[in-house]
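Structural features, examined
Now for the letters of each chain:
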Amino acid sequence: MTRQTILASVFATTLFAGAVVAQQAAVYTWTGPGVNVRGASKCPGYKMTINVTVEGTAVKGQFQQEGREQRQFETTLGQGGAFKTVAKLGQGNTIDVVGTINASGSKIMLDGYCKFEGPLTKKS
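Below, the structure is looked at part by part. (Residues numbered from 1 in each chain as written. Predicted model: local features only at pLDDT ≥ 70, side-chain atom pairs only at ≥ 80, totals over all residues. Heavy atoms only, no water.)

**Quick word on the environment of A58**
The following threshold applies: Only runs of H or I of at least four residues qualify as helices and only runs of E of at least two qualify as strands under DSSP, and these elements are numbered from the N terminus. Any two residues whose heavy atoms approach within 4.5 Å at even a single point are treated as in contact.
Counting through the fold element by element, A58 comes out in strand β3 (residues 58-65). Here the alpha-carbon distance between A58 and G78, two residues 20 residues apart in the chain, equals 9.8 Å. Not counting residues up to four positions away in its chain, the partners in contact with A58 are T53 and T75.

**Let's talk about the packing of aromatic side chains**
Note the threshold: Aromatic pairing here means that ring centres of Phe, Tyr or Trp (its six-membered ring) are within 6.5 Å. Orientation follows from the plane angle: under 30 degrees is stacked, over 60 is edge-to-face, and everything else is tilted.
Considering all chains together, one arrives at four aromatic pairs under this definition. Centroid distance Y46 to Y113: 6.5 Å. Interplanar angle 55 degrees. Geometry classified as tilted. On the criterion of sequence distance, the pair formed by Y46 in the loop between β1 (26-33) and β2 (47-55) and Y113 in the loop between β7 (105-111) and β8 (115-119) is long-range, its members being 67 residues apart. With 6.0 Å between their ring centres and 65 degrees between their planes, Y113 and F116 make a pair best called edge-to-face. Three or more aromatic residues joined by ring pairs make a cluster, and in this case those are Y46, Y113 and F116.

**Structural notes on the state of the cysteines**
Short version of the rule: A pair of sulfur atoms, both from cysteines and within 2.5 Å, is called a disulfide here. Only protein chains enter the calculation, and the probe is 1.4 Å; a residue is then buried if its accessible area is under 20% of its type maximum, exposed if over 50%, and partly exposed in between.
Counted according to the given criterion, the structure contains one disulfide. Linked covalently through their sulfurs, C43 and C114 form a disulfide whose S-S length is 1.9 Å. Measuring the twist about the S-S bond at about -80 degrees, one finds the C43-C114 disulfide to be left-handed. Pair noted here: C43 is in the loop between β1 and β2 and C114 is in the loop between β7 and β8, with a separation of 71 residues, a long-range link. The two residues C43 and C114 agree in class, both being buried.

As structure tokens, this is what we get:
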């Protein structure tokens, strides 16, 4: 191999590695109590943990109310870092998932049998 070919290979590898680092997933989390919605009275006693992973525009999340089964959602980031979807719960029930992840702040809200809402903290 010539020296030029070797240098070109090293440059290409470095460039590719930089692109991979730029596309690494960012992980966010929130844990907190629920807020009552119409007809509910026990929500402040429910503790929810929400984890959100963003890779490019793909958003994948898991949420789990303490003592309950873990659930998932998937969606994509829209304009301004906004996302919205509906997550399936048990027995045909659903919960609305709404959030924003951008440079000015990140937040999430699950709205259904209770409302779980708060700022997302980026994990290191």
